[in-house]
Amino acid sequence: MAFDLVITHGTVVTADATFRANVAVNNGKVAAILNPQDAPEAAQYLDAAGCYVLPGAVDAHVHLHMLTAAGIYSADDWRTGTKAAALGGVTSVVDFVQALPGQTSMEALHQRVDDARDAVIDYGFHMTIHPDESPIAGVNQRVSDFRISEIRLAADAGCPTFKMYQAYTGLQIQDADLFRALRAIAEVNGMACVHAENGDVIQVLRDSVDAPADLTNGLLHAQTRPTIQEAEAVTRTLACAELTGARVLIFHISCDLAGNVVAAAKARGLSNVFGETCPQYLVFTDEKLARPDGRLWMCAPPLRPQSDQDALWRKLKTGVLDVVSSDHCPFTRAQKDLGATDFRRVPNGMPGIETRMGVLHEFGVRTGKLSLNDWVRVCSTRPAELHGLQSKGRLAPGYDADIVIFDPAERKELSTSALHSALDYSVCEGMTCTGWTRDVLLRGNMIVRDGQHVGNTGDGRFLKRS
Ligand SMILES: [Zn+2]
């Protein structure tokens, strides 16, 4: 039989193995993994000599065109954000739905799916479970029975993963509601994704800062979010996970203490507990916050000292941490400057949707902290498994032909002009990666060729997950 496409001369890297093979594609799916000497008939061939052939990366934690409480939007929309993702080897993202006041979560989901129509790669959504709007500003209200009842509706609509925040006024969820939600999530066999920080403690610490010199000292951003409060929130969430049996992924673990809580839970045999970290915690330290423009590196949880970074790499290698997501949440220099005289007004978040694969290859694989297979596991295969993207994350017959041709010799500078986010700066300015994405196939169609986007607006599809 003739295939639509055969990728030849490449080195296939999966989560388990690295081997020479030709990859055949038919009707948008991986059709066969062939011996390198087999040269079957095909309508097209793609020569991957000298390159790795990888399953398309899955970034299950991004914030595109996100409205913040301060009334501003994250700087990348669905077109710029997903194009940057594609150029960095990402073929699927999972973003968030957050109902506006007066809106049901399902109405909000339909609006977000419509919002994403320009996406150039595939996309899904986590539903955010948050308190119903409070009549009193600054008071954390309860989550209504109605919102809890929407958990089943969301799961049936292909969104079986649920974001909850233990910090941020307005979003912060009380323990009773975390527990109620986890019980309902367990019933639909979904998964909770939790921003684990102790919002009450953070609020008191931040309110205690008043000296003008402190308000412009970026290090105070980290000091008012100490590691022990993060670890405490993880502990509380995992206790609820154990009691309810709900699957829980702790988002963006930034420090050793918080990672240790996940490690201890796993060591006790809890199979419903998972951990995520992000590239920023693996390559930057809190030294960035001491810079005059340190606000560009402000995210929550904050960047930590070198010892935490070293511990996170070890926890990634040993599987205590399951996945690396970008938590791409870009704000322009002008948006970040809203906090120029008070760090508490800086919108939290950093870019990373385009650089995650390259940065992990450079600082993980090339330094020997991760194997090529670890890299594929944490960026692609495990995220797809955990978040229920059943046709993604593997190079095997029957899976979507989301395929990345990665050239390990390509030199890429991570300067503002070399990246494709709408941002007017790069947090990675001055860094160079050896190894970058050359070509990308989305369901068998070439959307990136020789480092250029050649796909079309709207190529992406909404992914119903299970
Ligand atoms: Zn996030």
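Residues numbered from 1 in each chain as written. Predicted model: local features only at pLDDT ≥ 70, side-chain atom pairs only at ≥ 80, totals over all residues. Heavy atoms only, no water.

## Topic: the overall build of the protein chain
For step 1, the next point in the chain: The number of helices and strands found in the protein chain is 14 helices and 17 strands.
For step 2, the next point in the chain: Expected size for 466 residues packed as a compact globule is a radius of gyration near 23 Å; at 21 Å, the protein chain falls within 12% of this value.
For step 3, the next point in the chain: Projected onto its principal axes, the C-alpha coordinates of the protein chain cover approximately 70 × 45 × 45 Å.
For step 4, the next point in the chain: Here the protein chain holds 466 residues, and the buried ones make up 61% of them.
For step 5, the next point in the chain: For the protein chain, the proportion of contacts with a sequence separation of at least 24, taken over those separated by at least 6, is 74%.
For step 6, the next point in the chain: Here the protein chain has roughly 17,400 Å² of accessible surface; of this, 50% comes from carbon and sulfur atoms. (Helix = DSSP H or I, 4+ residues; strand = E, 2+ residues; numbered from the N terminus. Rg over C-alpha atoms; globule rule 2.2 N^0.38 Å. Buried < 20%, exposed > 50% of the residue type's maximum accessible area, 1.4 Å probe, protein only. Contact = heavy atoms within 4.5 Å. Areas by Shrake-Rupley, 256 points an atom, 1.4 Å probe, with all protein chains shown as cover.)

## Remarks on the environment of tyrosine 52
For step 1, the next point in the chain: For tyrosine 52, the location among the structural elements is in strand E5 (residues 52-55).
For step 2, the next point in the chain: Residue tyrosine 52 is classed as buried on the basis of its relative accessible area, which comes to 17%.
For step 3, the next point in the chain: Here the alpha-carbon distance between tyrosine 52 and aspartate 177, two residues 125 residues apart in the chain, equals 46 Å.
For step 4, the next point in the chain: Those residues in contact with tyrosine 52 that lie beyond four places of it in its chain are Thr11, Val13, His361, Leu372, Trp375, Val404, Ile405, Phe406 and Pro408.

## Comments concerning the coordination of the zinc ion
For step 1, the next point in the chain: In the first shell of the zinc ion, the protein supplies His61 (NE2), His63 (NE2) and Asp327 (OD), at 2.0 to 2.2 Å from the metal.
For step 2, the next point in the chain: Read from N- to C-terminus, the donor residues coordinating the zinc ion fall into the pattern H-x1-H-x263-D. Of this pair, histidine 61 sits in the loop between strand E6 (57-59) and helix H1 (78-87) while aspartate 327 sits in the loop between strand E13 (323-324) and helix H12 (333-336), and the two are 266 residues apart along the sequence.
For step 3, the next point in the chain: On the basis of relative accessibility, which here comes to 0%, the residue histidine 61 falls in the buried class.
For step 4, the next point in the chain: Residue classification places aspartate 327 among the buried positions, given a relative accessible area of 10%. (Donors = N, O, S within 2.8 Å, 3.2 Å for Na, K, Ca; no water.)

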